[in-house]
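In case you want the letters, here they are:
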Amino acid sequence: MAPPSVLENCVEDSNSETYPDINWEDIGFSLVPTDYMYVMKCAKGEKFSHGNLIRYGTFEVSPAAGILNYGQGIFEGLKAYRTEEGSILLFRPEENALRMKAGADRLCMTSPSVEQFINAVKDTVLANKRWVPPAGRGTLYLRPLLMGTGAALGVGPSTEYTFLIYCSPVSNYHKGPLNFKVEEKLYRAISGFSGTGGIKSVTNYAPVYPATTEAKAEGFSDVLFLDAATGKHIEEGSACNMFVVKGNAICTPTTDGAILPGITRKSVIAIALDLGYQVTERGVTVEEMLVADELFCTGTAVVVNNIASVTYKNTKIDYKTGAETVAQKLRKTLLGIQTGTIEDRKGWTVRVL
């Protein structure tokens, strides 16, 4: 049964232009509960049809649900940006919808249509618009979830699926210069298209915790994982794609099934080509990374960020950072498009308000 809608109250509340009483500079990238979330359900073999906005909070799920017992779940991440004029924009939400569908197909799940996904995101943003930070002071991060919530004891696809979106205002994911450690013992995904590294399965993230916890205890910002087949090629950080710069050439590991096809990654490649850089998607060896001029990471949370150093086999390698780096030029252009200060000639942004 679908949860009761609070749409009328939500519309009334969303007409308020009053910002919440918080310090935008202090929010970082941690959960700040907002007003509403979006919920839509469907049974196995059926299609999603209609969802509701309800007050943000806990919801009931059977202890026998597929998401809890067998990890049948995927998620997405995207942001809403407030412009200097006060409008609110989304960035390429159709790409998130398509990636969710690809993940759902891989895990035998029913997924919302692209139109349903985008409309649900828009509704969630409008219901929580007072939580979209002022221009230049953060964004509203949206977390769409698709979960198997039907009860079953045996191993198999769930009998019910729940699509849910909640949101939180955020600012910077990382603070200070980024210093990565190359992980040589644990791998985040098996190589090739036979695994789930290329989708945002909920089961992909907890297995990296031992490596990231150890690295952060040693003072590192994050971990850089290598390919499981040879251990000779770089793949991803714990939640970001990687780019290597040498002169005018930019290389990034190909999305071969083990690496998530990041939407920020895809956008940065297009921007880099427009700016005249030579961009190649291929396997990138550790040795190639060690002699690069720059190393940077991309993702919805991290945006585009220089990596100041990488430590490999107890040897620290430093890279160029600062405003004149390739990474910062790409970041400036990307953020300009996302926030409306640079003309969007690619049709990437979607206006919500």
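In this text the structure is predicted, and so the values were computed from the model without any measurement.

Under the counting rule described, the total for this entry stands at 16 salt bridges. Residues Lys-101 and Asp-105 are paired through a salt bridge, measuring 3.0 Å at the closest nitrogen-oxygen approach. Remark: Asp-105 and Lys-101 occur in helix H3 (residues 93-106); sequence separation between them is 4 residues, near one turn of the helix. You can call Lys-101 partly exposed: its relative accessible area is 39%. Across the pair Glu-218 and Lys-181 runs a salt bridge, and its minimum N-O distance is 3.0 Å. With a gap of 37 residues between them, Glu-218 in the loop between helix H5 (209-217) and strand E9 (222-225) and Lys-181 in strand E8 (residues 178-183) connect regions that are remote in the sequence. Linked by salt bridges that have partners in common, Arg-92, Glu-95 and Lys-266 make up one network.

Moving on, we get to the packing of aromatic side chains. As enumerated under the stated definition, the model contains 10 aromatic pairs in all. Measuring from ring centre to ring centre gives 4.9 Å for Phe-29 and Tyr-173, while their planes differ by 80°; the resulting arrangement is edge-to-face. Of the two residues, Phe-29 is situated in the loop between helix H1 (7-14) and strand E1 (36-43) and Tyr-173 in the loop between strand E7 (160-170) and E8; the sequence distance between them amounts to 144 residues. A relative accessible area of 28% means that Phe-29 is categorised as partly exposed. Ring centres 4.8 Å apart and planes at 5° place the aromatic pair Phe-243 and Phe-296 in the stacked group.

Domain annotation of the protein chain identifies domain 1 (36-170) and domain 2 (178-338). With 21 residues of domain 1 at the contact, the number on the domain 2 side is 21 residues. Buried area between domain 1 and domain 2, both sides added, is near 1800 Å², and the carbon and sulfur share of it is 64%. Scanning the region where domain 1 abuts domain 2 turns up 1 salt bridge.

On to the UniProt feature "modified residue: N6-(pyridoxal phosphate)lysine" (unreviewed entry) in the protein chain, then. Under the local residue numbering, the UniProt record ascribes the feature "modified residue: N6-(pyridoxal phosphate)lysine" (unreviewed entry) to Lys-200. Looking at the element boundaries, Lys-200 is found in the loop between E8 and H5. Look past the residues within four positions of Lys-200 in its chain and what remains in contact with it is Gly-73, Ile-74, Phe-75, Glu-76, Arg-99, Tyr-205 and Leu-260.

On to a nonpolar patch on the surface, then. A cluster of nonpolar side chains, Phe-59, Val-61 and Leu-68, forms an exposed patch at the surface whose accessible area comes to about 260 Å². Position of Phe-59 among the secondary structure elements: in the loop between strand E2 (52-55) and helix H2 (66-70).

Located in the positive-phi region is Lys-313, a residue other than glycine, with phi close to 50°. Tracing the chain through its elements places Lys-313 in the loop between strand E14 (303-312) and strand E15 (315-318). Phi at Asn-314 is positive, roughly 65°, even though this residue is not glycine. With respect to the secondary-structure elements, Asn-314 resides in the loop between E14 and E15.

Formed by 37 residues in total, the largest nonpolar core has its most connected members in Leu-90, Phe-117, Val-121, Val-125, Leu-142, Leu-146 and Phe-163. Secondary-structure elements contributing two or more residues to this core are E1, strand E4 (78-82), strand E5 (88-91), H3, helix H4 (114-127), strand E6 (139-148) and E7. The element best represented in this core is H4, accounting for 6 residues. Membership of the second largest hydrophobic core comes to 22 residues, among which are Ile-234, Cys-240, Met-242 and Ile-307.

Now for H3. Between its first and last C-alpha atoms H3 spans 20 Å; for 14 residues at 1.5 Å apiece the expected length is 20 Å, and the two agree. Those residues of H3 that fall on the buried side of the exposure criterion are Pro-93, Glu-95, Asn-96, Ala-97, Arg-99, Met-100, Gly-103 and Ala-104.

Its location among the elements puts Arg-99 in helix H3. In this structure Arg-99 comes out as buried when scored by relative accessible area, which is 11%. In the structure, Arg-99 is positioned 24 residues away from Phe-75 in sequence and 9.5 Å away in space, judged by C-alpha atoms. When near neighbours in sequence (up to four residues on either side) are disregarded, Arg-99 contacts Glu-76, Lys-200, Leu-260, Pro-261, Gly-262 and Ile-263. At a separation of 3.2 Å, a polar atom in the side chain of Arg-99 contacts the main-chain carbonyl oxygen of Pro-261.

About the criteria used
- Residues numbered from 1 in each chain as written.
- Predicted model: local features only at pLDDT ≥ 70, side-chain atom pairs only at ≥ 80, totals over all residues.
- Heavy atoms only, no water.
- Salt bridge = Lys/Arg side-chain N within 4 Å of Asp/Glu carboxyl O.
- Helix = DSSP H or I, 4+ residues; strand = E, 2+ residues; numbered from the N terminus.
- Buried < 20%, exposed > 50% of the residue type's maximum accessible area, 1.4 Å probe, protein only.
- Phe/Tyr/Trp six-rings, centres within 6.5 Å; stacked < 30°, edge-to-face > 60°.
- Domains from an automatic or database assignment.
- Contact = heavy atoms within 4.5 Å.
- Buried area = accessible area lost by both parts, 1.4 Å probe.
- UniProt positions renumbered as here; feature names shortened; annotations may be inferred.
- Patch = residues over 30% accessible without salt bridge, like charges linked within 9 Å, V, L, I, M, F, W, Y side chains within 5 Å.
- Areas by Shrake-Rupley, 256 points an atom, 1.4 Å probe, with all protein chains shown as cover.
- Core = buried A, V, L, I, M, F, W, Y, C linked by side-chain atoms within 4.5 Å.
- Expected span 1.5 Å × (residues − 1).
- Polar contact = N/O pair within 3.5 Å; in protein donor to acceptor, adjacent residues only side chain to side chain.

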